[in-house]
Amino acid sequence: MKLLRLRVEQLRQFRESVEIRDLNPGLNVFAGPNESGKSTLVRAIRAAFFERFKSSSTEDLQPWGDTSAAPRVDLEFEWQGERWTLSKRFLKQKRCDLEIGGRHFDGEAAEEKLAALLGYQFPGKGASKAQHWGVPGLLWIEQGEGQELREPVAHAGHYLKSALGEGLGDIASSAGDTLIARVEAERAKLLTATGRPTGDYAEVLRQHQSAAERLAALDQDIAAYRQQVDRLAELRRQQAEDVGRPWEAYRRQVAEAQAQLAEVQGWRQTRAHEAQSLAHCLASQQHVQEQQAAHVRQRQELAERARDRDLTGQKTTGLAHEQPRIQDRLRQAQTHYRQAEDRLALTRRQAKRAALADELDRLMPEQARLAADLAQAQALQAGLQALRERLQRVLLDDSVLKKLQRLDRTLAELDAARQAVATRLEYDLASQRHIRAGGETLSGQGERLLLESVELEIPAVGRLRIRPGGEDVADLARRRQEARDQFEALLAGTGAADLRQAEAQAEQARLLENDIRLDMSRLEGLAPQGAQALADRLALVRKRHQAVTEALAALPEDEAGADAGSEPIDESEAERGLACAREQLQAAEQRDAQHQQALRLAEQAGRTAQAEWQRLQDVIQAPDRQQQAQALAARLVELQTQAAALRQSQQALDERIAAARPEILEQDVQRLSCTADLLAQAAETRREESIRVQSALEALGADGLEEQRAELGLETAFSGRRRDELRRRAEALDLLLALLRAGRQALTRRIQAPLQRHLNRYLQLLFAQARLDVNEDLLPERLVRAGAAGSSHEAVDALSFGAREQMGLISRLAYADLLRESGQPTLIILDDALVHSDHDRLEGMKRILFDAAQRHQVLLFTCHPDRWRGLGARTVEMASLRAGQEPL
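Residues numbered from 1 in each chain as written. Predicted model: local features only at pLDDT ≥ 70, side-chain atom pairs only at ≥ 80, totals over all residues. Heavy atoms only, no water.

Chemist: How should I be thinking about the overall build of the chain in this particular structure?
Modeler: A tally of helices and strands in the chain yields 21 helices and 20 strands. Taking 2.2 N^0.38 as the reference for a compact globule, 888 residues should give roughly 29 Å; the C-alpha atoms of the chain span a radius of gyration of 69 Å, well beyond that estimate. For the C-alpha atoms alone, the extent of the chain along its principal axes is close to 205 × 150 × 50 Å. Taken across its 888 residues, the chain has 36% of its residues classed as buried. (Helix = DSSP H or I, 4+ residues; strand = E, 2+ residues; numbered from the N terminus. Rg over C-alpha atoms; globule rule 2.2 N^0.38 Å. Buried < 20%, exposed > 50% of the residue type's maximum accessible area, 1.4 Å probe, protein only.)

See the structure below:
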């Protein structure tokens, strides 16, 4: 099937007729941005085939807002050497016409003819939907639907299976399928679809597991019973050994060890007491030695205080001699600072007087200038007022003047036209002869232009009435009168006598306007902010002049005279002199303060050194000082002898304690006590456990455990045999079903071989040595690709979006090949397909599309023409269709 021509009119974006002719039998690419009409063309093709011409559900075909439009689609295609021409109109003037060769069909007969050819159906009522689209719904890919195959294949499945010749439907209805269904039913009684036990098999497994668990629990109870019997015998044997109370012997050994440990503790206390005495003795020795050392330090300090006393006396004398010189420098600095202050004050007074005088000198000419400007500005304002009044009297609207001039030219032109068409009266009368023309007497020779009817009176002859002929003369007269009336009305409104006076009046107004602009410019130069602002500025200057004059007058006469007679001094120099004097005064004050502080400190240090020397001298020369020294020496010897005796006693006690090994005695007490307690506790525990075990054995013996186990063993063995029986049956049914399905799949693959061949042809242009397996419903199921690590098997539904889109297009092309081989028409339409493919994959898909285009016509609509540049097909720009530059 080859689409030759497509024409749409009043359909969505195309209000005017748009036609595409001479389509390529292979690839046809239509490119344009979003909303340029690509999807409208696709919708038009779909509507031409899928929608009933009588349907009222096609309002979406009308242009937006145009409810009176009658969408129309005309198309021509060729099939098996015949040309099919279809014309369809919707909503308004509904009609469907189909011409095949010389045969004509219309209405529903034409639609059914198309549906039978292409393999689709019409709905009973309402809009056409996906389930009705059949083969075209599979081969015509809408935007964003390229990866979806399940529903389109299901809707076209009947036509695809018919194209395979020995249809899959025949396989499904064979006796083999009946057997498979029966085996599946029998297997379903024992196993789920995933192979898990169910039904009787699951119940037997549960019963067997429950019996086995109860048998195991019973075996555990029997084993526990036997263990407790053995344990009771062991406990009774151990209780026989406890009759002699072996823990009592260990407690007697604990008492003996505690007595030895108490004796050692007494030795430790004695040694601790002697250690305290020794520490006290040593502390007393240290105290005596410190007192002796203090006597020695006091003599050394007495010599140091004597040296300090002499040094401070010398320092005090030197500082007292320096004090008058420092006081003189301080007084000089104070005098110099007061002089610098007076000089700076004088300089500032002079600067203030000079500044006031300068400001007064500046204010006087400014006041005079402002007064002159104000007077001139006021004069200009008065002059401007007079000029504006004159201008108001002579002001003439420029448009009125232009109309007067235009009417004047019109009157002149009309007069010239009248003269051109007027009747000429030429006369040459004898002397003494005359005639009267209207109210004028004519004599001699002359010429008159007759623009209106005139009566000639010839004496002694009679009268002649001359009427100029032609409608032009009357029309010119009327037009001239109308123009004259307008001219005089406008002229009367200006107050001028004629046009020349009006023009002179306009020229006078122009000159007055120029004078006004010139005076306003001068006024703006004198007073940019207005005369009032200038007057305010003059008032401020006069006020400031008065204030400055009063400030100068306020200076005392004697101060003003002294300042005037003194030499001018630079204020910055006076400030630097004051700063220098301040620094010198601060330095002198700081030196005086430091000297006074040093003198006071030296005097205080001298007094302190003398007092310290005198105190030490009194202590050393005290009468009892010698007796204290002798007593300290005797006390030291006594303490040293006492310390030696205590050390000897401590050594003897340490030897006795070490020989007794008190830490071992403490460990013996702990070890023997713990042993006795543990033996006693163990005996009690065995007694209590013996009672508990005896009670438990009596309870278990009453339950008949052995009898219970025998009965439960028989039950478990029976359920095990039943379980094994059902397991063997389930495994046999599973194996039989697998064999039957394998046989069916082999038959299916043999029947699907043509489709598989087409799939592999396209797929290997994208992936070398790859295979795309299909299921019984002819849907792609698994992609098998060869790799370095071996073949990889991937479910198609698990592939990426772009890969699924590629597999969807490859499958559709294979379906198209299959349909073509079975003698059915095909047309491929791709609306923005493969938008999720990367560059390399897209290059492979271009090869696939080009190969498919050798057998099928392909219409590709895209908003990315640069991505399809290497496809080998000419691109039609949608803008050229709208501009009427293309038909193809």
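Chemist: Sorry, what's going on with the sheet that holds strand S20 (residues 875–877) here?
Modeler: Picture the strands of a sheet paired through backbone hydrogen bonds; they go either parallel or antiparallel. A sheet is described by the order of its strands in space; here 5 strands give the open sequence S8-S18-S19-S3-S20, paired in parallel fashion. For this open sheet the edge positions go to strand S8 (140–141) and S20, each flanked by a neighbour on one side alone. As defined by bridge partners, strand S3 (residues 27–31) adjoins strand S19 (residues 858–862) across 5 bridges and the pair is classed as parallel. Within S19, the position partnered with Leu27 by the bridge is Val858. (Pairing = 2+ DSSP bridges.)

Chemist: Can you walk me through the sheet that holds strand S4 (residues 72–79) in this structure?
Modeler: Strand order in the open sheet made by the 6 strands is S2-S1-S4-S5-S6-S7, with antiparallel pairing throughout. The open sheet has two free edges, formed respectively by strand S2 (18–21) and strand S7 (103–106), since each of these has just one partner strand. For this sheet, the mean inter-axis angle between neighbouring strands, taken without regard to orientation, is 10°. Summarising the sheet, strand S6 (residues 95–100) and S7 pair through 4 bridges and their orientation is antiparallel. (Axes fitted to C-alpha atoms, helices over the stretch in contact; angles between N-to-C directions.)

Chemist: What's the story with helix H1 (residues 38–50) in this structure? I'm lost.
Modeler: Along an α-helix, a turn takes 3.6 residues, which lines up residues three or four apart on a common side. Under the 1.5 Å per step criterion, the end-to-end length of H1 is 18 Å for 13 residues, consistent within 8% with the ideal 18 Å. Within H1, 12 of the 13 residues are buried, which leaves the element mostly enclosed by the surrounding structure. Here H1 has its buried residues at Lys38, Thr40, Leu41, Val42, Arg43, Ala44, Ile45, Arg46, Ala47, Ala48, Phe49 and Phe50. (Expected span 1.5 Å × (residues − 1).)

So yeah, pure geometry; function would need other evidence.
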